[in-house]
Structure formats: structure tokens, C-alpha cells
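Structural features, examined
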Amino acid sequence: MSRADDRGTARRALIVIGLVLATMLVLVLLWATRRVLIWLLVAVFFAVALKPLVDQVERRWVRRRALATLLVFLAAFGLLAGIAAGIVLPLLDEVGRFADRAPELLREARAGRGPIGEVLQRLRLREYATSHSHQIRQYGAQLRQPAVGLVRGVLETLAGLVTVIVLAYLMVLEAPRIIAATLALVGDGPAQRLRRVGRDTSRTITGYLSGNLLISVICGGLTFLVLFLTGVPFAAVIALLVAIADLIPLVGATLGAILAAGAGFLHSPGTGVVVLVFFVVYQQVENHLLQPLIMSRAVRLNPLTVLVSVLLAAELAGLVGALLAIPAAGVVQILLREYAPAGLRSVPSPATGDTDDDAAGGRHPGDGDRPPADG
């Protein structure tokens, strides 16, 4: 082998080593900044979801982009604040009432009387508490130690929430300039494709958000009706918590069912059985009727894709990943259909019978030469 071949081999080896080191460096940086990246991803999600509404407000009522964005964000987060107040205020009132009755409940529980005492007696927990009192006191002392970590977690959550709101607001406010600058750089042909991708992405995210909210409202409304008819206290607060939990894919409905059924069993065993049967029946209706009917119009994903995307996203980013997994998978599907070879895009979709071009929002027969709408 000549000296030139040796130099070429050494150069290729150095290039491969450099690429491996660069990839490792990028992965380390992504892992180190994962919290900020998650905040940015959530901000993009809300910005894309709220941008169409801001555009409508700007066209119909307000001519200034900044004012339209401010009004939409105030309305959206005012609604969220109202929902949070509707949950927190009754809970605080109940905590105060419980604190006033705590000594009496404790005496009844020790004597095996009252609702708590009956539950402890039925589950044989009084004997366990008596025989393991020392261990229970040790557990109570250990629970005081993570208080600092809990406070830090609350502060970090609040900081993340404020950051997400500010980022989403700025993204929506500057969206026309960012879109115009990007389209000016790529030229007319790629610009039409980017407009189509942006329009379909916005439609997917907005449709997913509205569909998920609609399903949660249905779940919360039916839960309130069942709890109210069975006489469970604080039916409205419990139903609101169930509706919020139902927003979480896969496990949200189960968490809501555990919460509502637990409240029903505390009221009476018969009520708990009724609530539990209701949730078993409702889950079948939601999974086989509501989800396909509502979500199929927003995000065209088969159940296997939804399950895999939610599991992977939940493992990588926790609860936030689970919430954003389905729209993110829908966006990835749009990108694959748009930028895949033409032969792949013409394959009919097994779920709808449409071609991938049709499902991705491509041109349909009879569209003519109409210019695509801005994304």
C-alpha cells in the first residue's frame, strides 16, 4: 500500500472519529438542556394551536397583531385560571373543614366509629396501625425531609409555566415575520410545500387539542351526572378533576376512574360499585366510539402508532411527552408524506382509503391553480 493510500485511510478514520465525537457532543448538549427544550416544545405546541385564532381576531375585529395576540392569550389563560380556581377554592374550603373536624374524626377512628373508623375496621387497618406504630412514626418523620425538594419542584414548575407562556406569546406575535422570512429564503416551489406543511400541522394540532378537550368535557359531564345522582359530595370538583385527568393519554381515564370510584366507596359501597361500573362502560364507549369519531378527523393515526408514540414520549419526557405524543406523531406523519418519494405518497391509506397526498392536505382533483393558504 502506498503512502498516499495510508494518508487517505488515516484521513477517513479521523473524519469518522470526528463525526462520532460531534454526535456524542450534540447528544450530551441535548440531554443537558432537555428541560429548556421541553419548555420550547410545549410553547411551540400552544403557539401553533392559538395562531389560527389570533389570525381570525386580527382579520375580523382588531387590526393590530400585538393587541389580537394579547386578547387571545388573556382569554385562553383566563379560562385556565378559572378552571384552576374552580378546583383549588373548593378543595381549600374542604381542607379547612377537614382540619376543623380532624380531632373528632381521629377519636372516632381510634374507637372504630364513623366513616373512617368503619373503613379501618373493615380493612383491619387498626390492628396493623397498633402493631406497627413505631414504623408509621418513622415513615412520618421521613416524609418531612423532602419538603425542600417539593418546594423547589413547585418553583421550577411555575418558572417553566411562565417561560412557556412568554415563548408562545412571542412566537404567535412574530409568526407572520418568521413565516415571510423563511418563505423568502427557500423560493417559490419549496415555499408552496412549506405553506402546505404549516397549514396541515396547524390543523392537526388544533384539531387534536379541540378534540381532546371535547372528549374530556363529555367525560367530566357524565361523571358529574353519575356522582350527583348517587349523592357523592363535591361532585362538581371531582368531575372537574376527572375531566382534567382524562386529557392524559392512556392512563388519564384510569386515574380519573380511581379518583371518582374512591370518592364513591367513601360515600357508600353501593355508590362505589355504581361509579366503577359506569367507568367500565364509559371506557368502552370512549375507546370505540368517541376516540375514533372525534380524533380521526384531527390526527389520522392508527392505534399502534398512537400507543408506541405515547409510550416512547412518556419515557423520554414524562407527562409532557405523553400529552404531546399524538400531535407530534401526526406532524411527523405529515412530514413523511410530504417529503417521501412520489411513489410512496400515492399509496392509499388503510384507515381512510385516501392517498397519502390527500391525507396530508395535498392537491385534490378540481383544485385548479388556486394558491395555497398561508400556514
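Treat the numbers as computed from the prediction; the structure is a model and nothing was measured.

Concerning the overall build of the protein chain
Helix and strand counts for the protein chain come out as 15 helices and zero strands. Across the 375 residues that make up the protein chain, the buried fraction comes to 29%. Residue pairs in contact within the protein chain that sit at least 24 positions apart in sequence constitute 62% of those at least 6 positions apart. About 24,100 Å² of surface is accessible on the protein chain, with carbon and sulfur atoms providing 70% of the total.

Re the UniProt feature "transmembrane region" (unreviewed entry) in the protein chain
Feature annotation in UniProt assigns "transmembrane region" (unreviewed entry) to the following positions: residues 12–31, 37–54, 66–92, 158–186, 207–228, 234–258, 265–285 and 305–336. Along residues 37–54, the helical share is 100% and the strand share 0%, with 25 Å between the first and last C-alpha atoms. Secondary structure content for residues 207–228 is 100% helix and 0% strand, while the C-alpha to C-alpha distance between its ends is 31 Å.

A look at a nonpolar patch on the surface
Together, Phe265, Val273, Leu276, Val277, Val280, Val281, Val285, Leu289 and Leu293 make up a nonpolar patch on the protein surface, roughly 770 Å² of accessible area in all. A total of eight residues in the nonpolar patch trace back to one element, the largest contributor, which is helix α12 (residues 269–295). Counting through the fold element by element, Leu289 comes out in helix α12.

Comments concerning the side chain of Ser216
With respect to the helices, strands and loops of the structure, Ser216 is situated in helix α9 (residues 188–229). Overall, the relative accessible area of 4% leaves Ser216 in the buried class. Residues contacting Ser216, with those up to four places away along its chain left out, are Ala243, Asp246 and Leu247.

Conventions and cut-offs
- Residues numbered from 1 in each chain as written.
- Predicted model: local features only at pLDDT ≥ 70, side-chain atom pairs only at ≥ 80, totals over all residues.
- Heavy atoms only, no water.
- Helix = DSSP H or I, 4+ residues; strand = E, 2+ residues; numbered from the N terminus.
- Buried < 20%, exposed > 50% of the residue type's maximum accessible area, 1.4 Å probe, protein only.
- Contact = heavy atoms within 4.5 Å.
- Areas by Shrake-Rupley, 256 points an atom, 1.4 Å probe, with all protein chains shown as cover.
- UniProt positions renumbered as here; feature names shortened; annotations may be inferred.
- Patch = residues over 30% accessible without salt bridge, like charges linked within 9 Å, V, L, I, M, F, W, Y side chains within 5 Å.
- Salt bridge = Lys/Arg side-chain N within 4 Å of Asp/Glu carboxyl O.

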